[in-house]
Structure formats: structure tokens, C-alpha cells
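# Reading the structure
As a plain string of letters, each chain reads:
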Amino acid sequence: MKKIIPLILILFACLACKNESASIATDKAEEQKEQSSEKAEFAIIIHGGAGTILKKNMTPEKEAAYKAKLEEAIRVGYEALKNGGSSIDAVTKTINVMEDSPLFNAGKGAVFTNAETNELDASIMDGKTLNAGASAGTTTVKNPINLARAVMEKSKHVMLSGTGAETFAEEQGLTLVEPKYFHTDRRLESLKRVKEREAKKEGKIDTESAYFQFYDSHIKNSKFGTVGCAALDKDGNLAAGTSTGGMTNKRYGRIGDSPIIGSGTYANNATCAVSSTGWGEYFIRAQVAHDISALMDYKGLSLKEATEQVLDKVKKLGGDGGIVAVDKNGNMVANFNTKGMYRATMNDKGELTIGIYEQ
Ligand code: ASP
């Protein structure tokens, strides 16, 4: 009898385990069924940067201008997807609209470096093939996202930089411009303000770490303005892209997360497509875009859960910013740990949402 009692207990324990795993499996299956039964035909989501974007600092005209441009951009991608176009096309065309607008820190309107130049970065990824392309530190390519796409489609490489990238762009027949095309008075003013504050700060304390402390608090309190897009097309293919001028007053050839596949951009048909914006150094260290996909892939998290977990990680490291993402079923998430993020979504029913501030 003494031997039988433990055996019975083990048997009960095993049955309980089996039931538990069965119920987990059922939950997951139900969740998947629920998601797939709601599978959207296509979907598109964009951002125009995250940061300290407060209503009290916004005029009605400025707010209307941002909303109008976000809507114009997302409608271009929406139309492409509705007409059966690829997610890569939708992402490229949508980002082109924002790159051509001086409102955003990408293409025309890019922020200035410490040397008063504009150095642009971009990346794009195809979730079907896991092909990717990126360009960094260019000064003459009008639409850096087109260069990133050309790198992906027409070269053997994933990332090209500087003058080499510009030579490749010329060979590919992309539109080149004089560097001054990117200049805007507004961004030059921002640089001057930052430099003035920097000079004051450096006058008091002149150690390298003090510079970075200043740089940190400046970054925390600025708007970023990078642009990005993630889309699902009718063939079930996901794509994401990101384009930026980087950060005001950057120097020494600094490159942020935006052109880094896995940090600023990631897409995988098995999981999701993600574009990030924020304090690039932290987004690189946290491998934000790929980490979201990996949590879905390896741990079975939903897109929402995965983005929350990864942005928490960024926050714990001390960084801030946001992401837009769409999963393989067309579920869309815009998530950020800043005061605001310019953003918009459109689903296959043609429903549009636009947001700027925290909800
Ligand atoms: N992530 C970009 C960078 O660090 C900046 C931004 O998103 O606005 O270059």
C-alpha cells in the first residue's frame, strides 16, 4: 500500500499535467483560429517620428498639416495594396511622400549634422524572401528609401554607405540632388539652438562625459521625425521600411538604428513587419525590430505583447521612441514610450486612423 500511494499521486500529477498542456494547446489553437478568422486582406501603418510632441506646443495649422500629410502618404500605400500591389511597393511609395515633405526628418526636411550637412539613412525589408537593403550617410540621393530598395534588389549587398552608395545610386539611375536640396531653415534653426545650449553647457563642464550627458537630455526632449511604414499585401507578404536624417547635431559619421536591419526595420512573413523610431543608440542595442519578430516566433507572443515587452526593454536601458508594426494577419500596433508619435493606419475596409499624442 505504501508503494501504491506515491504511484497514484504520480498518476494524478501526470493527468493534471496532461490536462494543463491540453488546455494551453486549446487556448493557443483558439487564439490562432480567432486571429486567422479575422485575417485582413491587407493593411498598412505608418509613423512620422516619436518624441516630446505635446498639444500645447502645436498650432492648429501645424497639426492639420501633419495630419494631412500622414493621410496623403498612407492613402498612396493603401491604393497600391487595394489594387493588388506588393507590400514593398506600398512601403516605398508611402515613404516617398513623407521624404518629399519638409515636415518630417527624412529626405527634404532632414535634420542637420554638427557640420551643417544633411546625412541620410534608410532601410527596407521584404518579409517573403528576408531580402533587405539599406543605405547610410548619403547626401545627394533624393529618396533614400529608393536607394535602400535598389541595394536590396539590384546589388549583392545589404548595406551601402557614403560616396559608394551615391555612386551606386547614380548607376541605378536614381534621382540625385544637390546637398542643399535637403536644407530647411527650420532644421537649421534647431541645430543652432542645440549648438548654443551645447556651448553654454560645455563652458561649465568640459569633460567628454558631460558632453554626452547634455546630448542625452537634449535627445530626450526633442522630436525625432523619422518616417516608417509596415504593410501586408493581398498575397500575404509583409514589408517594412524606415527613412531618416538621423539626429540633430550628430557628428563623426554617426549612424543610428534606422538603416540597421533588425533594429530600425524588420519583416518576416512568419511573424510581422516593424519600423522603429526613437533614440537610435538604444534601438540598436535592444535590436528592437527583430526582437519583436523573435518573441512572436519563439515564444508565440501576439504582436501587441511582443511590442510592449521590447519597448519596456528599451525604457529600462534608458532609451525612448516607438514602433509601428503589422502582423501576418493584418493586426496593426502603434506603440511608443514618448509623449507622442505621428502615426496613421488603414485597413482593408478603407478605415483610416490618425494619431499624434498619447491616447
Ligand atoms: N532613430 C533615428 C536615429 O537614431 C532617429 C529617429 O527615429 O528620429 O537616427
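Residues numbered from 1 in each chain as written. Predicted model: local features only at pLDDT ≥ 70, side-chain atom pairs only at ≥ 80, totals over all residues. Heavy atoms only, no water.

## So, the overall build of the protein
Applicable threshold: Secondary structure elements follow DSSP: runs of H or I of four or more residues count as helices, runs of E of two or more count as strands, with numbering from the N terminus. Note on classification: 1.4 Å probe, protein chains only; a residue is buried when its accessible area is under 20% of the maximum for its type, exposed when over 50%, partly exposed between these limits. Contacts were defined at the residue level, with two residues in contact if any of their heavy atoms lie within 4.5 Å. Surface accessibility in these figures is a Shrake-Rupley result with a 1.4 Å probe; residues are shielded only by whichever protein chains are displayed.
Per the secondary structure count, the protein includes ten helices and twelve strands. Per-residue burial over the protein gives 52% buried out of 359 residues. Of the contacts formed within the protein by residues at least 6 apart in sequence, a portion of 71% connects residues at least 24 apart. Carbon and sulfur atoms make up 53% of the accessible area of the protein, which amounts to about 16,800 Å² in all.

## A few points about helix H9 (residues 288-299)
Rule in force here: Take the residue count of a helix, subtract one, and multiply by 1.5 Å to get its expected span.
Here H9 is twelve residues long and its end C-alpha atoms lie 16 Å apart, about the 16 Å a rise of 1.5 Å per residue gives. All of the buried residues along H9 are Val288, Ala289, Asp291, Ile292, Ser293, Ala294, Leu295 and Met296. Positive phi shows up at Gly300, right after H9, with a value of about 70 degrees.

## Looking at the packing of aromatic side chains
Cut-off, in case you're wondering: Planes of paired rings set the category: under 30 degrees apart is stacked, over 60 is edge-to-face and the rest tilted, where pairs are Phe, Tyr or Trp rings (Trp by its six-membered ring) whose centres lie within 6.5 Å.
Considering all chains together, one arrives at six aromatic pairs under this definition. When the centroid spacing of 5.1 Å and the interplanar angle of 80 degrees are considered together, the rings of Tyr181 and Phe182 count as edge-to-face. Residue Tyr181 is classed as partly exposed on the basis of its relative accessible area of 21%. Aromatic side chains Trp279 and Tyr282 sit 4.7 Å apart centroid to centroid with 70 degrees between the ring planes, which places their arrangement in the edge-to-face category. When its relative accessible area of 4% is taken as the criterion, Trp279 is described as buried. Through pairs of rings, three or more aromatic residues link up here, namely Tyr66, Phe104 and Tyr342.

## Observations concerning the pattern of salt bridges
Note that side chains of opposite charge can pair when their charged atoms are close. Put simply, the rule is: Only one rule defines a salt bridge in this text: a Lys or Arg side-chain nitrogen within 4 Å of an Asp or Glu carboxyl oxygen.
In the structure shown here, the tally under the stated rule is twelve salt bridges. Among the salt bridges present, the one from Lys55 reaches Glu63, with a minimum N-O distance of 3.1 Å. Overall, the relative accessible area of 53% leaves Lys55 in the exposed class. Glu63 sits in the buried class, given a relative accessible area of 12%. Among the salt bridges present, the one from Arg149 reaches Asp89, with a minimum N-O distance of 2.8 Å. Here Arg149, found in helix H4 (residues 144-154), pairs with Asp89, found in helix H3 (residues 87-99); they are 60 residues apart in sequence, far enough to count as distant. Residue Arg149 is classed as buried on the basis of its relative accessible area, which comes to 16%. Members of the salt-bridge network, linked through shared partners, are Lys55, Glu63 and Lys67.

## Here we look at the sheet that holds strand S10 (residues 332-336)
Note the cut-off: At least two DSSP bridges between two strands are required for those strands to pair. Fitting a line to C-alpha atoms yields each axis, with helices limited to the stretch in contact; the angle taken between N-to-C directions then spans 0 to 180 degrees.
Taken together, the four strands give an open sheet; going across it, the order is S7-S8-S9-S10, and neighbouring strands pair in antiparallel fashion. A strand with exactly one partner marks an edge of an open sheet, and here the two such strands are strand S7 (265-267) and S10. Between one strand axis and the next, the sheet turns by 10 degrees as a mean value, whatever way the strands run. Summarising the sheet, strand S8 (residues 272-278) and strand S9 (residues 321-327) pair through seven bridges and their orientation is antiparallel. Residue pairing in the sheet places Ala273 in a bridge with Val326 of S9. Those strands touched by H9 are S7, S8 and S9, and its axis lies near 145 degrees from that of S8.

## Re the packing of H9 against helix H10 (residues 303-317)
Quick reminder of the rule: Put simply, angles under 35 degrees are roughly parallel, angles over 145 are roughly antiparallel, angles from 65 to 115 are roughly perpendicular, and the rest are oblique. Note on convention: the crossing is left-handed when the near helix lies turned anticlockwise from the far helix by less than a right angle, right-handed when the turn is clockwise. Amino acids are sorted into nonpolar (Ala, Val, Leu, Ile, Met, Phe, Trp, Tyr, Cys and Pro), charged (Asp, Glu, Lys and Arg) and polar (every other residue, Gly among them).
Relative orientation of the contacting elements H9 and H10 amounts to 135 degrees, with a least axis distance of 9 Å. On the basis of their axis angle, the class for H9 and H10 is oblique. Classified by chirality, the crossing of H10 by H9 is right-handed. Contacts between H9 and H10 pair Val288, Asp291, Ile292, Leu295, Met296 and Lys299 from the former with Leu303, Ala306, Thr307, Gln309, Val310, Lys313 and Val314 from the latter. The residue inventory of the contact of H9 with H10, partitioned by class, reads eight nonpolar, two polar and three charged.

## What to know about the environment of Asn131
Its place among the elements puts Asn131 in the loop between strand S2 (120-126) and strand S3 (132-138). Judged by relative accessible area, Asn131 falls into the partly exposed class, the value being 40%. Expressed as a C-alpha distance, the spacing of Asn131 and Val151, which sit 20 residues apart in the sequence, is 10.0 Å. Contacts of Asn131, omitting those with residues within four sequence positions, involve Ile124, Met125, Asp126 and Met152.

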